Amino acid sequence: MSSERAAAAAAKILRYRGVTKRYGDFAALNGVDLDVHAGEVVCLIGPSGSGKSTLLRCTNALEAIDGGEIEFEGSALPREEAALRAVRRRMGMVFQSFELFPHLTALENVAEGPRTVLRAVREEAQRRAHAMLAKVGLSDKSASYPSALSGGQQQRVAIARALAMEPDVMLFDEPTSALDPETIGEVLSVMKALADEGMTMVVVTHEMSFARRVGDWVAVFDAGRIVEQGPPKQIFEAPTTERTRDFLSHLGWPA
Amino acid sequence: MTFDWSVVADHRAALVAATGTTILLTIATMAIAVPCGIVVAAVRLYAWPPLRAIAAAYVELFRNLPLILVVYWAFYVLPIATGLGLSPFATGLAALALNVTAYNAETFRAGLGSIRRGQLEAAMALGMSRRQALRRVILPQAVRRILPVLASTWVSLFKDTSLVSVIAVGELAYVAMQIRAQTFRVLEMLTAMAVIYWLLGYPQAKLVDWIQRRYAVTE
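All values reported here derive from a predicted model rather than from experimental measurement.

A.B. asks: Which parts of the structure should I look at to understand the overall build of chain B?
C.D. replies: Broken down by element type, chain B carries nine helices and zero strands. Scanning chain B from its N terminus toward the C terminus, one meets helices and strands in the order α-α-α-α-α-α-α-α-α. Seen through its C-alpha atoms, chain B measures out along the principal axes to roughly 70 × 45 × 25 Å. Counting over 219 residues, chain B shows a buried share of 42%. A separation of at least 24 residues holds for 78% of the contacts in chain B among residues at least 6 apart in sequence. Per element, the accessible surface of chain B, about 11200 Å² overall, is 68% carbon and sulfur. Taken together, the 19 basic and 10 acidic charged side chains of chain B have centroids lying 13 Å from each other.

A.B. asks: Mind showing me how you'd approach the pattern of salt bridges here?
C.D. replies: Evaluated as defined, the whole model comprises 24 salt bridges over all chains. Here Arg-212 of chain A and Glu-237 of chain A are joined by a salt bridge, their closest N and O atoms 2.0 Å apart. With Arg-212 of chain A in helix H8 (residues 208-214) and Glu-237 of chain A in helix H9 (residues 232-237), the pair connects residues that are 25 residues apart, well separated along the chain. With a shortest N-O distance of 3.4 Å, Glu-121 of chain B and Arg-117 of chain B are connected by a salt bridge. Linking Glu-121 of chain B with Arg-117 of chain B, this pair stays in helix H6 (residues 117-125), spanning four residues, or about one helical turn. Residue Glu-121 of chain B is classed as buried on the basis of its relative accessible area of 8%. For Arg-117 of chain B, a relative accessible area of 52% puts it in the exposed group.

A.B. asks: For this particular structure, what's the right way to read the interface of chain A and chain B?
C.D. replies: Bring the parts together and some accessible area is lost; that lost area is often taken as the interface size. Between chain A and chain B, the contact holds 23 residues from the first and 21 residues from the second. Summed over both partners, the interface of chain A with chain B comes to about 2000 Å²; 58% of that surface belongs to carbon and sulfur atoms. Of all residues in chain A, Glu-99, Pro-102 and His-103 of chain A bury the most surface against chain B, accounting for 28% of the area lost on that side. Linking chain A with chain B are three salt bridges. Note that Glu-112 of chain A and Arg-136 of chain B form a salt bridge whose closest N and O atoms lie 2.7 Å from each other. Elements supplying a minimum of two residues to the side of chain A that touches chain B: helix H3 (81-89), strand S6 (91-94) and helix H4 (106-117) of chain A. Here the element with the most residues in the side of chain A that touches chain B is H4 of chain A; it accounts for four residues. Grouping the constituent residues of the side of chain A that touches chain B by class yields nine nonpolar, six polar and eight charged.

A.B. asks: For this particular structure, what's the right way to read the packing of H4 of chain A against helix H5 (residues 122-135) of chain A?
C.D. replies: Each pair of packed helices gets described by two things: the angle between the helix axes and the distance between those axes. All names here are of chain A. One way to put it is that H4 packs onto H5 with a least axis distance of 8 Å and a crossing angle of 125 degrees. With respect to H5, the axis of H4 lies oblique. The element H4 and its partner H5 pack so that their crossing is right-handed. Judged by residue contacts, Ala-106, Leu-107, Val-110, Ala-111, Pro-114 and Arg-115 of H4 engage Arg-122, Ala-125, Gln-126, Arg-128, Ala-129, His-130, Met-132 and Leu-133 from H5. Residue classes in the contact of H4 with H5 are distributed as nine nonpolar, two polar and three charged.

A.B. asks: How should I be thinking about the pairing of strand S8 (residues 200-204) of chain A in this particular structure?
C.D. replies: Side chains on a regular strand alternate between the two faces of the sheet. Residue and element names in this part refer to chain A. Taken across its five residues, S8 has five buried, putting it largely inside the fold. Neither face of S8 is left uncovered, since the one carrying Thr-200, Val-202 and Val-204 and the one carrying Met-201 and Val-203 both have all their residues buried. As paired elements, strand S3 (residues 41-45) and S8 share four bridges and run parallel to each other. Note on S8: the bridge partner recorded for Val-41 is Met-201. One ladder, built from five bridges, connects strand S7 (residues 169-173) with S8; its direction is parallel. Bridge assignment links Val-169 to a residue of S8, and that residue is Thr-200.

A.B. asks: Whenever I open this one, the sheet that holds strand S9 (residues 217-222) of chain A confuses me. Can you help?
C.D. replies: Across a sheet, strands are paired by hydrogen bonds formed along the backbone, either parallel or antiparallel in direction. Residues and elements named next belong to chain A. Spatially, six strands are ordered S6-S7-S8-S3-S9-S10 in an open sheet, and the strand pairing comes out mixed. Two strands bound the open sheet, and with one partner strand each, they are S6 and strand S10 (225-230). Averaged over all pairs of adjacent strands, the angle between strand axes in this sheet comes to 15 degrees, irrespective of strand direction. Across the sheet, helix H6 (residues 151-163) is in contact with S6 and S7; its angle to S6 comes to roughly 170 degrees.

A.B. asks: Even after reading the chapter, I still don't get a nonpolar patch on the surface, so can you show me in this structure?
C.D. replies: All names here are of chain B. On the surface, Ile-68, Leu-69, Tyr-72, Trp-73, Phe-75, Tyr-76, Val-77 and Val-166 cluster together to form a nonpolar patch covering roughly 700 Å² of accessible area. Its location among the elements puts Leu-69 in helix H4 (residues 67-82). Take Leu-69: its relative accessible area is 44%, and that puts it in the partly exposed class.

Rules used in this analysis
Residues numbered from 1 in each chain as written. Chains lettered and ligands numbered in written order. Predicted model: local features only at pLDDT ≥ 70, side-chain atom pairs only at ≥ 80, totals over all residues. Heavy atoms only, no water. Helix = DSSP H or I, 4+ residues; strand = E, 2+ residues; numbered from the N terminus. Buried < 20%, exposed > 50% of the residue type's maximum accessible area, 1.4 Å probe, protein only. Contact = heavy atoms within 4.5 Å. Areas by Shrake-Rupley, 256 points an atom, 1.4 Å probe, with all protein chains shown as cover. Lys, Arg positive; Asp, Glu negative; His and termini not counted. Charge placed at Lys NZ, Arg CZ, Asp CG, Glu CD. Salt bridge = Lys/Arg side-chain N within 4 Å of Asp/Glu carboxyl O. Buried area = accessible area lost by both parts, 1.4 Å probe. Nonpolar A, V, L, I, M, F, W, Y, C, P; charged D, E, K, R; others polar. Axes fitted to C-alpha atoms, helices over the stretch in contact; angles between N-to-C directions. Parallel < 35°, antiparallel > 145°, perpendicular 65-115°, else oblique. Left-handed = near helix turned anticlockwise from the far one by under 90°. Pairing = 2+ DSSP bridges. Patch = residues over 30% accessible without salt bridge, like charges linked within 9 Å, V, L, I, M, F, W, Y side chains within 5 Å.

Written out as structure tokens, the structure is:
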């Protein structure tokens, strides 16, 4: 464990212990242990179907876990719906397929959370939405509907929508996997800027260069388990497990 | 055979009033059947399973009975069942609303079911309750998607209101048939009826087509 990591150990935002999740006979998560500290960018990598997206979806209880424990800011995820909603408010989530609301403009999409969930008055919600769109560089698109935006722009609006709730942690579920290669960069640079501001982020990604450059901690998944975790330098330059080496060489890493 | 169209002009006041009743009956039926259809659809999709079964049974019952039978049933059974002396208009309205609610419930169920799961998840990830997600995210999209179906239901309903003439509701079909019986001008009255129904029905259909184009959502 790196020394910076040990120093940050006092403030754990997320703590996963022995997390299991089954779909019928299939063990999607088979005992996952992981810590996410305040201000850290933790990247989850590994082959498709290895459980990394499932872990993310269990983090804000879009999926319920079958065993183990997930703690958010020191307490276990509640089971009761209203308490769960209060937790979800403090976690922003960005989806692979954007999931912007197609009947609302970019501005309305971003204002929707503050308006409906936080019960902000219209002016306050819009003010906040304008600020968030500016942050992702899309002030000029506030009146556009999602169908009029490129994939990269849609994903940036989706990031703004999550940020408008002023979350304590951002969960990214393969945010660039559905994008054209030429728009991946704009989304990654927004995410990088967010990381530089100190946002705590859990990122499921196939972008190895992002994980290496921006990640503070990388967890390699295989068959529902974390086979190796550590700082990116270790994972990408001196992986200790055969499985990590296999996975990275499969992706042509190191090039 | 000679035609005497003066019979239409002579009874224009009665025909206009009866047309007003037909329009009122259509609007009142939809005003009941749209919100009730949404509720029944939501119950069928999301409620506690025994309630789902009740909603499903209701839909399958009324969707598969001839409307005219429901009208007669409402006329003879409702007063006994409720102990209320309902007017013919209220009875006809109840029968139409029971029938159209069942159709609308199926339409809304299809519409709500067609919105992909990720939309609900995105709303819930923001901290919305299921009810808020339904109202703010799912329903507005579903309504736009099913508007053409609601439109054709509306136009069908406008014509089907004529069926409540069998229980003496003073709408267009009933009044026209009464005039026919008094004057024996059969072809004139049937033609006048056809013209009135068509002239009113066609622009409604066109209007709804326009609404659909106006509010279409592209993804």
